[in-house]
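Coordinate inspection notes
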Amino acid sequence: MDYEPQDVESKWRQRWADRGRYEADPDPGDADPTFITVPYPYPSGGMHLGHCRTYTVPDVYARYRRLQGDTVLFPIAWHVTGTPIVGAVERLKEGDEDQISSLQDAFNVPESDLQSLETPMGFARYFIEEADSSYKRGMRQLGLSIDWRREFTTNDDRYSKFITWQYETLKERGLLEKGLHPVDFCTNELQPVTDHDLLEGEDAEHQEFTLVRFSDDDGTIYPMATLRPETVRGVTNAFVNPGATYVRATVDGERWIVSEQAAGKFELQDRSVTVEERLSGADLVGTAVDNPVTGEAVTILPAEFVDPDNATGVVMSVPAHSPDDYLALEEARADADRIEADYGVDADAIRAIDPVPILAIDDYGEIPARDALAAAGVERTDDPALGEVTEDLYQAEFHNGRLLDSYDEFAGEVVADVRERFREHHRETGAFDRMYEYTEEVVCRCGGDVEVSVQDTWFIRYNDEDWQEKAREVVEGMDAIPENTRKQYDDTIDWLEEWPCIRNYGLGTRLPWDEEFVIEPLSDSTIYMAYYTIAPRLREVPVEDVDREFFDALFFGPEGEAAPEGYDVAFDDPDERALELREEWEYWYPVDYRCSATDLIRNHLTFYIYHHAELFEPGNWPGGITSMGLGLLEGEKMSSSKGHVVLPGKALDEYGADTVRFFLLNSAEPWQDYDWRADAVSSARDQLERFWDRAQDIADREVPDDPALSGVDRWLLSRLQATVETTTDALENFETRTASQAAFYNFEEDLRWYRRRTDTDRPGAVWTLRRVLETRLRLLATTSTTSST
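Residues numbered from 1 in each chain as written. Predicted model: local features only at pLDDT ≥ 70, side-chain atom pairs only at ≥ 80, totals over all residues. Heavy atoms only, no water.

Side note on the overall build of the chain
The test is simple: Think of it this way: any DSSP run of H or I at least four residues long counts as a helix, any run of E at least two long counts as a strand, and we number them from the N terminus. All accessible areas in this document rest on Shrake-Rupley with a 1.4 Å probe, and a residue is counted as covered only by the protein chains that are shown. Neither His nor the chain ends is counted toward charge; the positive residues are Lys and Arg and the negative residues Asp and Glu. Lys charges are placed at NZ, Arg charges at CZ, Asp charges at CG and Glu charges at CD.
Broken down by element type, the chain carries 26 helices and 28 strands. Taking the principal axes of the C-alpha coordinates as reference, the chain spans close to 105 × 70 × 55 Å. Only carbon and sulfur atoms are counted for the fraction: they give 41% of the accessible area of the chain, which is about 32800 Å². Positive and negative side-chain charges in the chain, numbering 77 and 162 respectively, have mean positions lying 8 Å apart.

Some remarks on the pairing of strand β17 (residues 432-438)
In plain terms, the rule: Buried residues are those whose accessible area, probed at 1.4 Å on protein chains only, stays under 20% of the maximum for their type, while exposed residues exceed 50% and partly exposed ones sit between those limits. For two strands to be treated as a pair, DSSP must find no fewer than two bridges joining them.
Of all seven residues in β17, six are buried; the element is thus mostly enclosed. Two strands pair when backbone bridges link them, and strand β6 (residues 206-215) and β17 are joined in this way by seven bridges, in the antiparallel orientation. Residue pairing for β17: Gln 207 is matched across the bridge by Glu 437.

Concerning helix α14 (residues 415-428)
Selection criterion: Each residue after the first adds 1.5 Å to the expected span of a helix. Two residues form a contact once any of their heavy atoms are found within 4.5 Å.
Given a rise of 1.5 Å per residue, 14 residues ought to cover 20 Å, and the 19 Å separating the end C-alpha atoms of α14 matches this to within 8%. Listing the buried residues of α14 in full gives Val 415, Val 418, Arg 419, Phe 422, Arg 423, His 426 and Arg 427. Buried residues along α14 sit in contact with β6, β15 (359-360), α13 (386-400), β16 (402-403) and β17. Looking at the residues trailing α14, positive phi occurs at Gly 430, about 90 degrees.

Overview of the nonpolar core
To be explicit about the condition: Working definition of a nonpolar core: buried Ala, Val, Leu, Ile, Met, Phe, Trp, Tyr and Cys residues. They are joined through side-chain atoms within 4.5 Å.
In terms of nonpolar packing, the biggest core is built from 73 residues, with Phe 162, Phe 551 and Phe 555 touching the most fellow members. Those elements giving two or more residues to this core turn out to be α7 (157-172), β19 (450-461), α15 (465-477), α16 (486-495), α17 (528-538), α18 (548-556), α19 (576-588) and α20 (601-615). Sequence-distant contacts of Phe 555, that is, excluding residues within four places in its chain, are made with Phe 162, Trp 165, Ala 530, Ile 534, Ala 562, Arg 582, Trp 585 and Phe 616. Counting residues in hydrophobic clusters, the runner-up holds 65 residues, among them Met 47, Leu 665, Leu 731 and Ala 739.

A closer look at the side chain of Arg 423
Residue placement: Arg 423 occurs in helix α14. In this structure, Arg 423 is in contact with Thr 210, Pro 229 and Phe 432, ignoring residues within four places of it in sequence.

Some details on the packing of aromatic side chains
To describe a pair of aromatic rings, you give the distance between the ring centres and the angle between the ring planes. What counts, and what does not: The rule is short: rings of Phe, Tyr and Trp, with Trp giving its six-membered ring, pair when the centres are within 6.5 Å, and they are stacked under 30 degrees, edge-to-face over 60, tilted in between.
According to the stated counting rule, one finds 53 aromatic pairs in the structure shown. When the centroid spacing of 5.8 Å and the interplanar angle of 50 degrees are considered together, the rings of Tyr 159 and Phe 162 count as tilted. A residue pair is termed a helical-turn pair when its members lie 3 or 4 positions apart in one helix, as Tyr 159 and Phe 162 do in helix α7 at three residues. Aromatic pair Tyr 655 and Trp 676: ring centres 6.2 Å apart, planes at 70 degrees, arrangement edge-to-face. With a gap of 21 residues between them, Tyr 655 in helix α21 (residues 648-655) and Trp 676 in strand β28 (residues 674-676) connect regions that are remote in the sequence.

Some details on the sheet that holds strand β3 (residues 176-186)
Quick note on the threshold: For helices, the fitted line uses only the C-alpha atoms of the stretch in contact; every axis is such a line through C-alpha atoms, and the angle between N-to-C directions lies from 0 to 180 degrees.
Read across the sheet, four strands follow the order β4-β3-β19-β21 without closing on themselves; strand pairing throughout is antiparallel. The two strands at the open ends of the sheet, each matched to only one other strand, are β4 (191-193) and β21 (498-500). Each strand axis lies, on average, 60 degrees off the axis of its neighbour in the sheet, ignoring direction. Looking at chain direction, β3 and β4 are connected through three bridges and run antiparallel. The partner of Asp 184 across the bridge, within β4, is Val 193.

Considerations on the sheet that holds strand β27 (residues 636-637)
Pairing is mixed across the open sheet formed by three strands, whose spatial order is β27-β26-β28. A single partner strand is all that each edge strand has here, and the edge strands are β27 and β28. With three bridges joining them, strand β26 (residues 631-633) and β28 adopt parallel strand pairing. From the neighbouring strand, Gly 631 faces β28, where its bridge partner is Tyr 674.

What about the environment of Arg 228?
Under the convention used in this document: Two N or O atoms count as a polar contact when they lie within 3.5 Å, although within protein this holds only if one can serve as hydrogen donor and the other as acceptor, and sequence-adjacent residues are included solely when both atoms are side-chain atoms.
You can see Arg 228 is positioned in the loop between β7 (221-226) and β8 (237-240). Spatially, the C-alpha atoms of Arg 228 and Glu 584 are 56 Å apart, while their sequence positions differ by 356 residues. Those residues within four positions of Arg 228 in sequence are excluded, and the remaining contacts are Met 316, His 321, Ser 322, Tyr 394, Glu 397 and Arg 419. Of the polar contacts made by the side chain of Arg 228, one reaches the backbone oxygen of His 321; its length is 3.2 Å.

What to know about α7
With 16 residues, α7 extends 23 Å between its outermost C-alpha atoms, agreeing within 8% with the 22 Å of an ideal straight helix rising 1.5 Å per residue. Along α7, the residues that are buried comprise Tyr 159, Ser 160, Phe 162, Ile 163, Thr 164, Trp 165, Gln 166, Tyr 167, Thr 169 and Leu 170. Gly 174 sits one or two positions beyond α7 and adopts a positive phi of about 80 degrees.

Some details on the pattern of salt bridges
Rule in force here: The salt bridge criterion pairs a side-chain nitrogen of Lys or Arg with a carboxyl oxygen of Asp or Glu, the two atoms within 4 Å.
Going through the model one piece at a time under the given rule, you end up with 58 salt bridges. Between Arg 149 and Asp 25 there is a salt bridge, with the nearest N and O atoms lying 3.1 Å from each other. With Arg 149 in the loop between α6 (135-141) and α7 and Asp 25 in the loop between α1 (5-19) and β1 (34-37), the pair connects residues that are 124 residues apart, well separated along the chain. Overall, the relative accessible area of 42% leaves Asp 25 in the partly exposed class. Residue Arg 577 pairs with Asp 545 through a salt bridge whose shortest N-O separation is 3.2 Å. Of this pair, Arg 577 sits in helix α19 while Asp 545 sits in the loop between α17 and α18, placing them 32 residues apart in sequence.

As structure tokens, then:
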């Protein structure tokens, strides 16, 4: 029988479906079931191979636990909250060529299907179950052991009631507040966005810059942004881009000069801005402006490297302590004659500008920037090594630099100890102000630019000290795989401040007490794992009965005994239907393991920890989290938004599910990045086919009863038991590559050694090889393949 994986796999998939093989219900005889989850996908496009490993790793663990005798729940649902789907539909209806190209080229959507995508939920449903690249088709082809009865979307009425209950409870607990807060703001959609809404700059952070308020003789402010306010005494000059557009504007009642882009940013950041006049950067060159701390005048010089879209577009220069400023000043001094001819700035005055040191640091001379450049051999502003030299010096000065005597009460202090106090001191005197800016360009999935905006918004108080302490207890008690991720959770808890939790529009749940707003995607996906446990039976309860009293009884018990300390439950007489559902929730909870991408530690996974810590008792806190690496395609990161993907259907039709799963699991451990390379996948397909052929040969033989075994037979059986132990230990720790290597490749070496040393037609050998095959098929069914089950 030839190896035709699609035929074999489809047979078994159909058998599983007919028998409801993976429909998990509470088993009174199994008091310790296994509950494993993975982030529900966002169907703003089709499934691709990057998703396949994400879902296959937990499936392997689910299969392993079933073979260990556990009752296992492995569910899935669909995350449609927010604006990406809405934005995609709007762009499609507008005939946006890029959107249409993405659908047709990346996901093979035929033109005849485009009309069915012109409503948000129609779009979502198409990629959930109708498209050739739909998630359900891909998941079923992969043979994932999912309980499909438990699926839902985050736009379902009962799910929205569940989220409403969660946020009413958090608000009553004092963990939601309204106030001014810097948020990521899409200038196209005109509403806040979060990491999952971004096309570029997902890892960018907005930073608080200090604005140093330089001014000219007329009192006009030239605000210059810096992350190192203590260097203000070392400013020798300023730079503007002579070819950029600047504006003279009234900002909060004062006259300011900033770039045209900066004026828009200040308006977003809760300032009153009226543009009075536009002028070129060249018009500003030669202007003398006074340092608000020293009172000394410095001159504005031209520099094309100044980015008008970064901060204010007016840059202060500290050449003694900034290598790039030092080189820029050197180039300006060398070009002084041309600057005088073009802009009228006295050339001798430019050449007379010297660096002004403001701190002392060991291993550097009076002008640290000059020494750092000389040591690195960097002489030009376009040298790629300049950035590293600058960053190294900044770090050295921050941790070891001591301010000079000119800093009065701050003199002699290390920068790291004094920066914050120095900044606050000069804010109080009016010399400093603030603005927010990104570390890199940020673009929304809709294509709009994202800027920092200060908004009056509802936010979650993740910096609440009591809540932080509970979250740390969860991290301390859970299983973090790999172990080095535990520190990342602790660091995120330390770093998190307030989190804006609403949007102006989009799919999802309305904010209960202000229905003008929608709860944003990362904020409505923190405890949905609990919803899986009740989803099928909750559909039997009329939606109007599913209210706060219902969920209080369900999650906090008939007497409210499991409620957070100080919380008053909303019911007098608990709903019996809620108490029945509570039994199922209590059977499955807690989540034993959640598998998710490592980059979600900084938001979703830590939010998951926080919300479980606050709403549920310690016995229902997360048991463990396994972090997942990225998927590469021929050496480059997969990205559906950029069309760099392979659709599962294409790979599964070409290679079969066994090969796809085997390659994904064998190429790297789950937390490591893997690289899908066609030649390596083809090689894996060939190896499985050879295994199939040998297995067929063994299976076709008549197996004798209780034959005599030789020493070499017993040796192979002992190696088999060692392989079972290695594979089991590996799977306990989600080491799927170690498990598949042991069960497949390493044991093949033992088999080759065995075959060279025995007559494989001997009765004892036939019996041994059959026993080995049966055991290896179970191991491989656990670690990688579907057909062998």
